[in-house]
Each structure stands twice: as structure tokens, then as C-alpha cells.
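Observations on the three-dimensional arrangement
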Amino acid sequence: MPERNLPEKIKVGGVIQNGQLASISILAVKDRPGIAAAILDALGQRNLNVQFVVQVIDHESHDQMVLCVDRADLPACLDAIEKLRPELQPAAVTAQADVASIAVFGPDFRERPGIAGRMFRALAEQHINILAISTSISTVNCIIDLARLPDAYAALCRHFDVP
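Rules used throughout
Residues numbered from 1 in each chain as written. Predicted model: local features only at pLDDT ≥ 70, side-chain atom pairs only at ≥ 80, totals over all residues. Heavy atoms only, no water. Helix = DSSP H or I, 4+ residues; strand = E, 2+ residues; numbered from the N terminus. Buried < 20%, exposed > 50% of the residue type's maximum accessible area, 1.4 Å probe, protein only. Contact = heavy atoms within 4.5 Å. Areas by Shrake-Rupley, 256 points an atom, 1.4 Å probe, with all protein chains shown as cover. Lys, Arg positive; Asp, Glu negative; His and termini not counted. Charge placed at Lys NZ, Arg CZ, Asp CG, Glu CD. Pairing = 2+ DSSP bridges. Axes fitted to C-alpha atoms, helices over the stretch in contact; angles between N-to-C directions. Salt bridge = Lys/Arg side-chain N within 4 Å of Asp/Glu carboxyl O.

Regarding the overall build of the protein
Helix and strand content of the protein: five helices and eight strands. Seen in sequence order, the protein has helices and strands lined up from the N terminus as β-β-α-β-β-α-α-β-α-β-β-α-β. Over its C-alpha atoms, taken along the principal directions, the protein stretches across nearly 55 × 30 × 25 Å. Counting across all 163 residues of the protein, residues that qualify as buried make up 37%. For the protein, restricting intrachain contacts to residue pairs at least 6 apart in sequence, the fraction spanning at least 24 positions comes to 77%. Summed over all atoms, the accessible surface of the protein reaches about 8700 Å², with 53% contributed by carbon and sulfur. Charge centroids of the protein, computed over 15 positive and 19 negative side chains, lie 4 Å from each other.

Laid out in C-alpha cells, this is it:
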């Protein structure tokens, strides 16, 4: 792909990447209070750490949740979630073992519009599909296929002023 003239780089605190993740999607759970608590408590009781979580209620009032955990913990996490199946009654529980997170971080993104758009444009130009997005006041984080992590990192370094 030919390099286009890039706009001036936006200064960020840095790029964080984690290539040791697996994702779990818990899909179409009838929405009600306590769904996230049940899932995250079950994992926490087994000393399993969730490093990324995003949840949304769809137009049919079903919860859709995506979690990322350490790849080595994937079997134990799936076992814990499987034990909740009678309570949750999800339409599906799926897993992807080879994912990565990549994020740009602050400071103070709430006062600096355009960071997320710039990040996702940089990834799109490299044909990198985003599997999930999570943001905070100082971080824009997304999940991608592990194989694309080096390309994603290079793209973000081209688009942002990284220390």
C-alpha cells in the first residue's frame, strides 16, 4: 500500500501491547442484574485474572460480553464459565486463543479529540480487523488477531508521536 501524506503526529504517552491473550465471548445472555458479577466472580474465585472486558446489551435485551485472559488460563476460564451455563443460558460461548491487545495511552485523552479515530484509521489502513474496543480516560485499547500485532504496532508508531 503506498504511503500517503500523514497528518502531524499526535503526541501520546506510548503504545502498550500484549501478545499473550485469549478472548472469550459469552453471547446472547438474557439481560438481568448480576450477569457480569456471576462471570467475573467465578473467574476471580479461581484466581483467574481478566485483563480486558467489554459488555453491551443488544437491541433484543441480550448481554454480549467479551473477556480477554492470559492464554495459559483459557482452559480454566472456559471451565469456570461452562459451570455457569445453566444460570446464564448463553446462546454461545466462543473462544479465540491467539489474540493480542494494543493500546495508545495518555495523558488526558478526554481533552484531546481524535485519538481513537486516528488509532483505528491507522489499523484500518493496514487491513487489521478490530475484534473488541475498550477505552478509559487515558487509554484506547483494542483486541486484534495476534498475527497482526507487529503490523499494528508499526502503524501506530507511524501515526503517533511515541516516546
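Notes on the pairing of strand β4 (residues 62-70)
The pairing of strand β2 (residues 14-30) with β4 spans eight bridges and is antiparallel. Across the sheet, the residue bridging to Leu 21 is Asp 70, located in β4. Here seven bridges tie strand β3 (residues 50-57) to β4, and the two strands are oriented antiparallel to one another. Of the residues in β4, the one forming a bridge with Val 54 is Val 66. From the end of β3 to the start of β4, which pair antiparallel, there are four residues, and Ser 61 there has a positive phi angle of about 60 degrees.

Considerations on unusual backbone geometry
The backbone of Asn 47 sits at a positive phi, close to 60 degrees, despite the residue not being glycine. Looking at where Asn 47 falls in the secondary structure, it is placed in the loop between α1 (35-45) and β3. Positive phi values are uncommon outside glycine, yet Ser 61 reaches one of about 60 degrees. As for its placement among the helices and strands, Ser 61 is situated in the loop between β3 and β4.

Observations concerning the sheet that holds strand β5 (residues 92-105)
Sheet architecture is open: six strands sit in the order β3-β4-β2-β5-β7-β6, paired in antiparallel fashion. Among the strands making up the open sheet, the edge pair consists of β3 and β6 (132-135). Each neighbouring strand pair of the sheet contributes to a mean axis angle of 30 degrees, computed without reference to strand direction. Its contacts with the sheet put α1 on β2, β3 and β4, and the angle it makes with β4 is roughly 20 degrees. The sheet strands contacting helix α4 (residues 115-125) are β5, β6 and β7 (139-145), and the helix crosses β7 at an angle near 20 degrees.

Some thoughts on the pattern of salt bridges
Counting across every chain of the model gives five salt bridges. Notably, a salt bridge pairs Asp 79 with Arg 46, separated by 2.8 Å at the nearest N-O pair. Within this pair, whereas Asp 79 is found in helix α2 (residues 74-83), its partner Arg 46 is found in the loop between α1 and β3, the two being separated by 33 residues in sequence. We classify Asp 79 as partly exposed; its relative accessible area is 34%. Looking at Arg 46, the relative accessible area reads 34%, which means it is partly exposed. One salt bridge connects Asp 79 with Lys 83, and the closest N-O pair in it is separated by 3.2 Å.

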